[in-house]
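# Chains, contacts and geometry: an overview
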Amino acid sequence: DTGVSQDPRHKITKRGQNVTFRCDPISEHNRLYWYRQTLGQGPEFLTYFQNEAQLEKSRLLSDRFSAERPKGSFSTLEIQRTEQGDSAMYLCASSLVQGTGNTIYFGEGSWLTVV
Amino acid sequence: GEDVEQSLFLSVREGDSSVINCTYTDSSSTYLYWYKQEPGAGLQLLTYIFSNMDMKQDQRLTVLLNKKDKHLSLRIADTQTGDSAIYFCADRYSSASKIIFGSGTRLSIRP
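Residues numbered from 1 in each chain as written. Chains lettered and ligands numbered in written order. Predicted model: local features only at pLDDT ≥ 70, side-chain atom pairs only at ≥ 80, totals over all residues. Heavy atoms only, no water.

The secondary structure content of chain A amounts to zero helices and 11 strands. Sequence-ordered secondary structure for chain A, helices as α and strands as β, is β-β-β-β-β-β-β-β-β-β-β. Compactness check: chain A gives a C-alpha radius of gyration of 14 Å against a globular reference of 13 Å for 115 residues, within 12% of the reference. Expressed as lengths along the three principal axes of its C-alpha atoms, the size of chain A is roughly 45 × 25 × 25 Å. Within the span of chain A, comprising 115 residues, buried residues form 47% of the whole. For chain A, contacts bridging at least 24 residues in sequence account for 54% of all contacts bridging at least 6. With the model as given, the accessible surface of chain A reaches about 5900 Å², and the carbon-plus-sulfur share is 44%. Computing the positive centroid from 13 side-chain charges and the negative centroid from 13, chain A places the two 6 Å apart. (Helix = DSSP H or I, 4+ residues; strand = E, 2+ residues; numbered from the N terminus. Rg over C-alpha atoms; globule rule 2.2 N^0.38 Å. Buried < 20%, exposed > 50% of the residue type's maximum accessible area, 1.4 Å probe, protein only. Contact = heavy atoms within 4.5 Å. Areas by Shrake-Rupley, 256 points an atom, 1.4 Å probe, with all protein chains shown as cover. Lys, Arg positive; Asp, Glu negative; His and termini not counted. Charge placed at Lys NZ, Arg CZ, Asp CG, Glu CD.)

Structure, rendered in structure tokens:
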């Protein structure tokens, strides 16, 4: 098991373009999370899935953001009409929910720079 | 609302112990976590503690939880240069599945 995998690791895009990030969770993990992290800050929660169902979305997730997990395995995070304020690292995490335990493992992140 | 706070910086001498502190606001927290982040990298889970525990030790790491004061600390014994990183405290609320992070404490090591 190679852990949570994210692709691409780095993306530079022009303002107004669309970008998509992919996350492959740890095998058999049923929960998948997306967080955003800007320089000097801690990760901020965006959304999470239980299997293919998106169960919670943060108010940070504007209409330009959409996340999917169609088959309950990998997930994509799309940002439409990117703005400079979207520049950040987008972190994916996964966990296997067993009882009350919920250890969350993070990927290496996808850096987005909007120019 | 939900909040996790940490001091921003800590500098220690190599070989000394480091103590990183964290406070949180939600009294219904179930798990509290410590993550480590090195430059340009993702988050590495270091350890976690269940809310009914006071202490957890794992090799050089000791976590202390004071639930009454909503205070969590991470002690790193015999701090090494490889421990230089940002350390995040995180809190999992009982009614939600997300975890909430503090802003991180940057640990630097002096020779």
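Our focus in this paragraph is the interface of chain A and chain B. Taken together, the 24 residues of chain A in the interface contact 19 residues of chain B. Approximately 1600 Å² of surface area, both sides summed, lies buried where chain A meets chain B, with 51% of it carried by carbon and sulfur atoms. Taken together, chain A and chain B are joined by one salt bridge. Put simply, Glu56 of chain A and Lys98 of chain B hold a salt bridge, and the shortest N to O gap is 2.7 Å. Viewed at the interface, chain B and chain A are joined by five residue pairs in polar contact (both at pLDDT 80 or more). (Buried area = accessible area lost by both parts, 1.4 Å probe. Salt bridge = Lys/Arg side-chain N within 4 Å of Asp/Glu carboxyl O. Polar contact = N/O pair within 3.5 Å; in protein donor to acceptor, adjacent residues only side chain to side chain.)

This next bit is on the state of the cysteines. Residues and elements named next belong to chain A. Within the structure shown, the criterion is met by two disulfides over all chains. Across a sulfur-sulfur distance of 1.8 Å, Cys23 and Cys92 are joined as a disulfide pair. Because the sign of the S-S torsion sets the handedness, a value of about -70 degrees for the bond joining Cys23 and Cys92 places this disulfide among the left-handed ones. Note that Cys23 is positioned in strand 3 (residues 19-24) and Cys92 in strand 9 (residues 88-95), a separation of 69 residues in sequence. (Disulfide = S-S within 2.5 Å.)

All names here are of chain B. One finds Trp34, Leu72, Leu74 and Tyr87 to be the most contacted residues of the largest nonpolar core, which totals 22 residues. Sorting the residues of this core by element identifies strand 3 (18-24), strand 4 (29-37), strand 5 (43-50), strand 7 (61-66), strand 8 (71-76), strand 9 (85-93) and strand 11 (105-110) as the ones contributing at least two each. Counting residues per element, this core draws most heavily on strand 9, at four residues. (Core = buried A, V, L, I, M, F, W, Y, C linked by side-chain atoms within 4.5 Å.)

This next bit is on the sheet that holds strand 1 (residues 5-7) of chain A. Residues and elements named next belong to chain A. The strand order across the open sheet built from four strands is 1-3-8-7, with neighbouring strands paired in antiparallel fashion. With one partner strand each, in any of the chains shown, strand 1 and strand 7 (65-68) form the two edges of the open sheet. The mean inter-strand angle of the sheet, taken between neighbouring strand axes irrespective of direction, is 15 degrees. The pairing of strand 7 with strand 8 (residues 75-79) spans four bridges and is classified as antiparallel. (Pairing = 2+ DSSP bridges. Axes fitted to C-alpha atoms, helices over the stretch in contact; angles between N-to-C directions.)

On to the pattern of salt bridges, then. Tallying each qualifying case throughout the model produces eight salt bridges over all chains. In this structure, a network of salt bridges that share partners links the residues Arg64, Glu83 and Asp86 of chain A.

Overall, the coordinates contain 16 aromatic pairs over all chains when judged by the stated rule. With centroids separated by 6.4 Å and ring planes inclined at 55 degrees, the aromatic side chains of Phe45 of chain A and Tyr48 of chain A adopt a geometry described as tilted. The buried category is assigned to Phe45 of chain A, whose relative accessible area is 8%. Pairwise contacts between aromatic rings join Tyr33, Tyr35, Phe45, Tyr48 and Phe106 of chain A together with Tyr31, Tyr33, Tyr35, Tyr48, Phe50, Phe88 and Phe101 of chain B into one cluster. The ring of Tyr48 of chain B carries the charged tip of Lys56 of chain B above its face, separated from the ring centre by 4.1 Å. (Phe/Tyr/Trp six-rings, centres within 6.5 Å; stacked < 30°, edge-to-face > 60°. Lys NZ or Arg CZ within 6 Å of the ring centre and 35° of its normal.)

What follows concerns the environment of Met55 of chain B. All names here are of chain B. Positionally, Met55 belongs in strand 6 (residues 55-58). Sequence-wise, Met55 and Leu107 are 52 residues apart; in three dimensions their C-alpha atoms are separated by 22 Å. Sequence-distant contacts of Met55, defined by excluding residues within four places in its chain, comprise Ile49, Thr62, Val63 and Leu64.

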